[in-house]
There are 4 protein chains.
Amino acid sequence: MKKVTVVITARASYSRIKSVLQALKKNKLINLEIVLKASALVDNYGSILKYLEEDNLDVNYKIYSLFNTQDISFQVKTTGIGMVELSNYLRSSNPDLVITIADRFETIATAIAASYMNIPLVHIQGGEDTGNIDNKVRNAITFLSDYHFVSNKEAKAKLVSMQVETDKIFNLGCPSIDLVNIALQGKIDNDSLYNFYSWSGEKVDLEKEYIVVMQHSVTNEGGSKAQIEMTIKAIERLKMPTIWFWPNVDSGTDGISKGLRLFNKSNPDFPITFLKSLGPQDFLKLISKSRTLIGNSSVGIRESSYIGLPVVNIGSRQEKRIRARNVIDVDYDSEEIYSAIKKQLAIKNYKKSTIYGSGDSGEKIANQICRILEL
Amino acid sequence: MKKVTVVITARASYSRIKSVLQALKKNKLINLEIVLKASALVDNYGSILKYLEEDNLDVNYKIYSLFNTQDISFQVKTTGIGMVELSNYLRSSNPDLVITIADRFETIATAIAASYMNIPLVHIQGGEDTGNIDNKVRNAITFLSDYHFVSNKEAKAKLVSMQVETDKIFNLGCPSIDLVNIALQGKIDNDSLYNFYSWSGEKVDLEKEYIVVMQHSVTNEGGSKAQIEMTIKAIERLKMPTIWFWPNVDSGTDGISKGLRLFNKSNPDFPITFLKSLGPQDFLKLISKSRTLIGNSSVGIRESSYIGLPVVNIGSRQEKRIRARNVIDVDYDSEEIYSAIKKQLAIKNYKKSTIYGSGDSGEKIANQICRILEL
Amino acid sequence: MKKVTVVITARASYSRIKSVLQALKKNKLINLEIVLKASALVDNYGSILKYLEEDNLDVNYKIYSLFNTQDISFQVKTTGIGMVELSNYLRSSNPDLVITIADRFETIATAIAASYMNIPLVHIQGGEDTGNIDNKVRNAITFLSDYHFVSNKEAKAKLVSMQVETDKIFNLGCPSIDLVNIALQGKIDNDSLYNFYSWSGEKVDLEKEYIVVMQHSVTNEGGSKAQIEMTIKAIERLKMPTIWFWPNVDSGTDGISKGLRLFNKSNPDFPITFLKSLGPQDFLKLISKSRTLIGNSSVGIRESSYIGLPVVNIGSRQEKRIRARNVIDVDYDSEEIYSAIKKQLAIKNYKKSTIYGSGDSGEKIANQICRILEL
Amino acid sequence: MKKVTVVITARASYSRIKSVLQALKKNKLINLEIVLKASALVDNYGSILKYLEEDNLDVNYKIYSLFNTQDISFQVKTTGIGMVELSNYLRSSNPDLVITIADRFETIATAIAASYMNIPLVHIQGGEDTGNIDNKVRNAITFLSDYHFVSNKEAKAKLVSMQVETDKIFNLGCPSIDLVNIALQGKIDNDSLYNFYSWSGEKVDLEKEYIVVMQHSVTNEGGSKAQIEMTIKAIERLKMPTIWFWPNVDSGTDGISKGLRLFNKSNPDFPITFLKSLGPQDFLKLISKSRTLIGNSSVGIRESSYIGLPVVNIGSRQEKRIRARNVIDVDYDSEEIYSAIKKQLAIKNYKKSTIYGSGDSGEKIANQICRILEL
């Protein structure tokens, strides 16, 4: 029996690892350990505690490392303290393998803790390319890691081109597609859809047509408030029922929050529902039923490709990710955004694409981890 | 006037940046700021405070971040706290550019602090290749950095092959060669040579023939005590006057220290002098006058190439660095080590090589930094 | 010339030290150094940066140590990191004396840093007695300190009774009364009063009659949301123009914030102005012109005694502080609160009391510090 | 069932809590949790891991918080990080009561973590009086604590005089006397005595007469090297078989270590055995068989009173502790130290004193804790 420790730092990361966790948990030769850290534990930024509970996944340790986000140093400090506390925990827990996910700023803490303590390290979703500080983080983690589970062929090619050893790279698809697969197969439970926590505004009726917006700050650009105002303007003009997701914790988040609060204040009757967080399954059901997904979330590129969902992708945040035909890219310009949404609304659905996996990545990754651990 | 902040974390790094610091200090358009951190401040591991003072370089801030080194978590914790404190300092100091040096574990703290706070980051000596955790650290820093000053052609080629943008890579040689150049030109001051601090043992007479040993622990291998015993055995058999440098702070250092203390205890009359630290100039004079340099320090590969000094390089620590003809590589085996030293003692000196620079890197790098800052 | 370092961690502390800072700054024998930490630097919780700037007081170092406040561990973590960073700074700054103010949770970090590093420590405002965790913090700091500047006779008696050496205790009054003194003497600038930042709601007309509310969470009680609702109910019933101050950062703050947001949402037309922070002088002008001050702030007990302002003090937070005749104490009960406000509104003003000082404490304290430093 | 968490930070603290831990462990209503921190985990400073293992006491969490001890800031930093990590652990562990022991610098981290998180806190051995920074720490912890278990009548009287509530103070003796009691009753196992780890020097024959030295640095005095040299001189002159304990981790420890190493180097044949650490039982057997105990350890005052052991107590470190007749106090003066040892060697043994407890404190304290927890 070998111990595998998975460290999760944010809401978005959970979707990209959930099916792997479930496959590892079922395996009798693996002692699965889950550590939550930083924004994954904080309600304001999307605590995932309740989703893990619903999914019957036990949390072994929690690291409350998030600093107040108002000063630009908070990302460094959160990472530094997360590193101190995680290394202390790993010292006693003594795993045979550690898994870190994707490219958020805190994930490098996991990579440094494991590599400096000579614990074999798996990185999920290296080799992608986005227009952001995330690129730096992701590539730095790649070079601290021992094994690389990428989500698509292009990502593998990228790592190979960076001189990563080919036999340490495994393209087994993105586990988030597994969840899309289940969500699309399963029957949609209308009641739970109506249970979404609505922050304010007029509640959206999900039986009717609606759109979804997810727009995060782009940490190395500044001007998040001006950016979000372009999107707000387009949405305002559209006057369609809208579900808007609260941005995750990053420098610039406060600019976005401020923009949204002002909009909400001055349009109290607009048919909009603000959401902070949603269980992965409910979330996928929600977007798959929507007419268009707007913003700069990677969900628009990744999960939406498998759904065939029309997407309007704004700005530079996803600029280098490979994409299927369902995406229209636009600039931070309310006119462009508006027109693109209009175009997408005219289309019912695109054809399902498997560029990001075919729905069974969790099992495949768990099996490959067993081979790495010689189980 | 633009502010350039250089963060130095260890004795060895100082040699690789000193001539750059001097060139930057002379430049009227640059406000040079020096931050010392971790082992660069601790006597046991080679404090460099007095060398900076001798060289008239002011220290602007000191970060005492070194944890007790007995637990394997100390490297992660030292890095984490160094990151927290450095980001706090940079927040107020607000530099236009940050420089991080080489590949020691603490240097990634500098890289993360600068990159997460959107401060342009220069990395000195990326693209090299050693057989160690240092490789992971060095490459991770490369991908967090914006500009890369490498020390040789092969290093540049390595970075290019890893998809680093060519126009961000500058091969201007290694600043440590500048110091070799000065040391070799200057007249040797016998008095200062006799002022070396000797930890114990019989003092070595520098007018006579002597050898120098510098062997650090290899952090991802373990067994540092067994490794050092092989070297000790060879030296013991050789019975030649020996200058032995105390290892720097790393996991495994305690194993080496223990081996050396035992040897010293049981051979009180052996002609050996233990040194903890030496000013860069005295150090270079000392090795350039020695008959052979033994161990696994990068000095054997780098500075010694320009001197043409006979070197016996032990084990894997420098295994992938490019080397001139002056180096004989051996395994952790007292017999092999002994024979190689004997061979090198038969040779007076090798021909000078410029693979690591031609002695004017400090000026060249400072000039390029000005161009980057548009000065 | 001797160096005196003052560490300020919160908005409230600034009022209690400002006149001391001004007196120390004027003194040619004193090198005054000001360090800001934690919530004193964060807009959401009352950054004081702009007030120091307005008062021409330079900030020498800033320590961004505040953690996200949603988890109960944040006070310990903020204190711990504040301690790490402050000790590092003091190590280089090397003051002859450190001053820590009052009883907020972060202030013990200053006390531990100074006392463990053998730097003489002055504590401002020990010996008071409140019904809260603040008591524990305040008394613990007393025993880490070398000199004690208390604000009233009872506080001195308290310290003496705790076996603190009498000749180390100085009762020179509370520096916050100095500010009251100036505020009451000076002419009120109506324009600046109208410049207050209003968070939302109907703006209060300061020419007409109004009341002020300041209610913080009581950290060791829990139930801050239920407590605040009682106050809200009373205010709602009163329907008088109201200025409401946002609570400072403490466990339980989120409960209060939530209560206030809900009230604001459901009473969009209520004549209420929410304020986050105000310069000390404007703040004192504001309350001195108000008809009644309601809540549990120490301002109601301390500054208001000198003004003779009618106060309704709610709950246990100030329960053991000595008070003048201007205060009516009530429980967390909307009926009681309502009646007490009504009673106070019937009174114009109470007689000025000097139990907390006579308006010249800053000078006196600065002089005594010079004597301690043998200047 | 209620959870009681005991945090141990140093070798010396273990003796003062061991019998309490054993009594709590036997109790079916108590879930005992043990956390080790800082120097309690580091070999150089007396790791207690193996003693807990021998005593069948499980360690639930380990916090590696010790910084490198060469800079004066290390005590603050170790305390700060210890606080961050302990609060994080307690957050998940969620005990009903926390116990902190005595007065070492790290213990205040435990007190702050528990009190700021509203967890009831027990302090073992408040109210004592020593000539040191320990006094500040001890008294500060008293005011952060909810319950006080003192070791003697005078300590209780001290706390009462400091206005601590009488009904929260319990004088149940010092648990370290329980160990003395067992050690004196039990048969001495000569074999284990001969198994002591000897650091160097001529091994002492325990069948013959010998003396024991334990001298720590006095952190707020400086000059630890000069102080230890006085003791060394007296011991050198005495030429008696000597067991010398290595000092614990404190500012100034390096001065003592240096003095001892020099002595050992220049007197290779002196009959001296250096010890770093010993199990509590072996330790007590060792000192109880010695002719005199010399130095400034509290063991000379406390445990030795119950044994009736002749003690020479040097300097200010224990100056205000109550003592039985067995102690002669001397200054840092080799002549005085020498004479006092000579006097004590003339005496066989003093009469047993129970001023520090009668050997059953562990049970009594555990029972009182149950009453506090209403079990």
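Each chain has its residues counted from 1, following the order in which its sequence is written. Note on labels: chains are lettered from A, ligands numbered from 1, in written order. Reporting of local features is limited, given that this is a predicted model, to residues whose pLDDT is at least 70; pairs of side-chain atoms are given and counted only at 80 or more, and all residues count toward the totals for whole chains, interfaces and linings.

1. Describing the overall build of chain A
Thinking step 1. A tally of helices and strands in chain A yields 15 helices and 13 strands.
Thinking step 2. Along the first, second and third principal axes, the C-alpha atoms of chain A reach 55 × 45 × 40 Å.
Thinking step 3. Here a residue counts as buried when 20 or more other C-beta atoms fall within 10 Å of its C-beta, as exposed when 12 or fewer do, and as partly exposed in between; the C-beta atoms come from the backbone. Within chain A, the proportion of its 375 residues that are buried is 60%. The helix count covers DSSP runs of H or I at least four residues long, the strand count covers runs of E at least two residues long, and both are numbered beginning at the N terminus.

2. Remarks on the relation of the copies chain B and chain A
Thinking step 1. For this overlay, a least-squares fit was computed on C-alpha atoms, restricted to residues scoring pLDDT of at least 70 in both copies. Superposing chain B onto chain A takes a rotation of 180° combined with a translation of 0.0 Å along the rotation axis, leaving an RMSD of 0.1 Å. Put plainly, the chains are arranged around a two-fold axis.
Thinking step 2. Note on contacts: each residue gets a C-beta atom placed from the backbone, and two residues are in contact if those atoms are within 7 Å. Taken together, the interface assignments show that 100% of the residues at the interface of chain B recur at the interface of chain A, consistent with an identical surface on both copies.

3. So, the sheet that holds strand S8 (residues 211-214) of chain B
Residues and elements named next belong to chain B.
Thinking step 1. Taken in spatial order, the six strands line up as S10-S9-S8-S11-S12-S13 in an open sheet, and their pairing is parallel. Two strands close off the open sheet at either side, each with one partner strand: strand S10 (272-275) and strand S13 (327-330). Averaged over all pairs of adjacent strands, the angle between strand axes in this sheet comes to 20°, irrespective of strand direction.
Thinking step 2. Each of strand S11 (293-295), strand S12 (311-314) and S13 touches helix H14 (residues 334-345); the most contacted strand, S13, lies at about 170° to it. Strand pairing follows a simple DSSP-based rule, namely that at least 2 bridges must link the two strands. All axes here are fitted lines through C-alpha atoms, helices being fitted over the stretch that makes contact, and every angle between N-to-C directions spans 0 to 180 degrees.

4. Structural notes on helix H11 (residues 253-266) of chain D
Residue and element names in this part refer to chain D.
Thinking step 1. Expected span of a helix, by definition, is 1.5 Å for each gap between consecutive residues, and there is one gap fewer than residues. Here H11 spans 20 Å end to end across 14 residues, near enough to the 20 Å set by a 1.5 Å rise per residue.
Thinking step 2. For H11, every residue scored as buried is listed here: Thr-253, Ile-256, Gly-259, Leu-260 and Phe-263. Burial along H11 is one-sided: seen end-on, the buried residues are contained in an arc of 130°.
Thinking step 3. Each element contacted by the buried residues of H11 is listed here: helix H10 (224-238). Working note: the arc is built from the helix axis to C-beta atom directions.

5. Thoughts on the interface of chain B and chain A
Thinking step 1. Each partner contributes residues to the interface: chain B has 32 residues there, and chain A has 32 residues.
Thinking step 2. If you list the elements that add at least two residues to the side of chain B that touches chain A, you get helix H4 (74-93), helix H5 (107-116) and helix H6 (133-144) of chain B.
Thinking step 3. In terms of residue count, the dominant contributor to the side of chain B that touches chain A is H4(B) (11 residues).
Thinking step 4. Residue composition of the side of chain B that touches chain A, grouped by class: 16 nonpolar, 12 polar and four charged. Three classes are used, and their members are as follows: Ala, Val, Leu, Ile, Met, Phe, Trp, Tyr, Cys and Pro are nonpolar, Asp, Glu, Lys and Arg are charged, and the others, Gly among them, are polar.

6. Remarks on the interface of chain C and chain D
In many reports, interface size means the accessible area that the parts give up when they come together.
Thinking step 1. Taken together, the contacts link 32 residues of chain C with 32 residues of chain D.
Thinking step 2. Among the elements of the structure, helix H4 (74-93), helix H5 (107-116) and helix H6 (133-144) of chain C are those that each provide at least two residues to the side of chain C that touches chain D.
Thinking step 3. Broken down by element, the residue count for the side of chain C that touches chain D peaks at 11 residues, all from H4(C).
Thinking step 4. For the side of chain C that touches chain D, the per-class residue count stands at 16 nonpolar, 12 polar and four charged.

7. Considerations on the environment of Val311(D)
Residue and element names in this part refer to chain D.
Thinking step 1. As for its placement among the helices and strands, Val-311 is situated in strand S12 (residues 311-314).
Thinking step 2. Look at Val-311 and you get buried, because 28 C-beta atoms sit within 10 Å.
Thinking step 3. For Val-311 and Ile-301, which are 10 residues apart along the polypeptide, the C-alpha to C-alpha distance reads 7.9 Å.
Thinking step 4. Beyond its immediate stretch of four places on either side in the chain, Val-311 contacts Thr-292, Leu-293, Gly-300, Ser-304, Asn-326 and Val-327.

8. Overview of the domain arrangement of chain A
Residues and elements named next belong to chain A.
Thinking step 1. The domains assigned to chain A are domain 1 (2-173 + 358-372) and domain 2 (183-345).
Thinking step 2. Domain boundaries shown here were taken from an automatic or database domain assignment. Computed from C-alpha atoms alone, the centre-to-centre distance between domain 1 and domain 2 is 26 Å.
Thinking step 3. Opposite the 23 residues of domain 1 that make contact, domain 2 presents 19 residues.
Thinking step 4. Elements with a contribution of two residues or more to the side of domain 1 that touches domain 2: helix H1 (11-15) and helix H3 (49-54).
Thinking step 5. Considering each element in turn, the side of domain 1 that touches domain 2 owes the most residues, four residues, to H1.
Thinking step 6. Residue composition of the side of domain 1 that touches domain 2, by class: seven nonpolar, 10 polar and six charged.

9. Side note on the packing of helix H4 (residues 74-93) of chain A against helix H4 (residues 74-93) of chain D
Thinking step 1. For the pair H4(A) and H4(D), the least separation of the axes is 11 Å and the interaxial angle reads 65°. Of the possible angle classes, the one that applies to H4(A) and H4(D) is roughly perpendicular. For the pair H4(A) and H4(D), the crossing hand works out as right-handed. Taking contact as the criterion, the partners of Ile81(A), Val84(A), Glu85(A) and Asn88(A) in H4(A) are, on H4(D), Ile81(D), Val84(D), Glu85(D) and Asn88(D).
Thinking step 2. The class makeup of the residues in the contact of H4(A) with H4(D) is four nonpolar, two polar and two charged. When an angle is under 35 degrees it counts as roughly parallel; over 145 it counts as roughly antiparallel; between 65 and 115 it counts as roughly perpendicular; any other value is oblique. Should the near helix be turned anticlockwise from the far one by less than a right angle, the crossing is left-handed, and should it be turned clockwise, the crossing is right-handed.

10. Some remarks on the packing of helix H8 (residues 175-185) of chain A against helix H15 (residues 361-372) of chain A
Residue and element names in this part refer to chain A.
Thinking step 1. Orientation of H8 relative to H15, taken along the N-to-C sense of each, is 145°, at an axis distance of 7 Å. Within the contact between the two elements, H8 uses Pro-175, Ile-177 and Asp-178 and H15 uses Ser-361, Gly-362 and Ile-365.
Thinking step 2. A breakdown of the residues in the contact of H8 with H15 according to their chemical character gives three nonpolar, two polar and one charged.

11. Considering the confidence of the model for chain A
Thinking step 1. pLDDT gives the predictor's per-residue confidence on a scale running from 0 to 100. With 93% of its residues at a pLDDT of at least 70, chain A reaches an overall mean of 90.
Thinking step 2. With a pTM of 0.87, the predicted complex shows an ipTM of 0.85.

12. Points about the relation of the copies chain C and chain D
Thinking step 1. Between chain C and chain D, the superposition needs a rotation of 180° and an axial shift of 0.0 Å, giving an RMSD of 0.1 Å.
Thinking step 2. Counting the interface residues of chain C, we find that 100% of their copies in chain D are interface residues as well, pointing to one common contact surface.

13. Topic: the sheet that holds strand S10 (residues 272-275) of chain D
Residues and elements named next belong to chain D.
Thinking step 1. The sheet built from six strands is open, its strands ordered S10-S9-S8-S11-S12-S13 with parallel pairing. Since the sheet does not close on itself, it has two edges, and those belong to S10 and strand S13 (327-330), each with one partner. Taking the axes of each pair of neighbouring strands and ignoring which way they run, one obtains an average angle of 20° across the sheet.
Thinking step 2. Two elements, strand S9 (residues 242-245) and S10, share four bridges in a ladder whose sense is parallel. If you follow Thr-242 over to S10, its bridge partner there is Ile-272.

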